[in-house]
Amino acid sequence: AYQAAYRYRGKDAKASVEAFSVVYDNAPSYRSTLAHDYAEALKTLADQLLQANDFCGARRRFEMLVNLTPADADAQQKLATATESCPVLEPTATP
């Protein structure tokens, strides 16, 4: 997964994020090494989703990014935009 994360980087944002996520979650010793590159991949994917009007998908990725890099003001602003545009579905009553 480690090599896949870098192989997909810059080519397939979704595959790169998925591979970084696996390594980040399962190999804590790599977290400090991966944090910057994982954040970069998340930002790329979140921006792509936002541009494609997939606001809910973008929101999930920006939430992950803000958790990873809380000082990233741009990510916080884009998270707010995506959150405003992602409809919240209310549960319906069962008949």
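Above this note sits the structure.
Residues numbered from 1 in each chain as written. Predicted model: local features only at pLDDT ≥ 70, side-chain atom pairs only at ≥ 80, totals over all residues. Heavy atoms only, no water.

1. Notes on helix α2 (residues 13–26)
Side chains of residues three or four places apart in an α-helix project in the same direction, reflecting 3.6 residues per turn. For α2, with 14 residues, the first-to-last C-alpha span of 20 Å sits near the 20 Å given by 1.5 Å per residue. Listing the buried residues of α2 in full gives A13, A15, S16, V17, A19, F20, S21, V23 and Y24. Of the surrounding secondary structure, the elements contacted by the buried residues of α2 are α1 (2–8), α3 (31–51) and α4 (55–68). (Helix = DSSP H or I, 4+ residues; strand = E, 2+ residues; numbered from the N terminus. Expected span 1.5 Å × (residues − 1). Buried < 20%, exposed > 50% of the residue type's maximum accessible area, 1.4 Å probe, protein only. Contact = heavy atoms within 4.5 Å.)

2. A closer look at the environment of Q77
Checked against the element boundaries, Q77 lands in helix α5 (residues 73–85). C-alpha separation for the pair Q77 and F62, spaced 15 residues apart in sequence, amounts to 9.4 Å.

3. Let's talk about α3
Here α3 spans 29 Å end to end across 21 residues, near enough to the 30 Å set by a 1.5 Å rise per residue. Where α3 bends most, at D37, the angle is about 30°. When α3 is considered as a whole, its buried residues turn out to be L34, D37, Y38, A39, A41, L42, L45, A46, L49 and L50. Looking at the buried positions of α3, the neighbouring elements they touch are α1, α2, α4 and α5. Directly after α3, the chain includes N53, whose backbone phi takes a positive value near 65°. (Bend = angle between axes of the 7 residues up to and from the residue.)

Everything listed here is a matter of geometry and, on its own, says nothing about what the molecule does.
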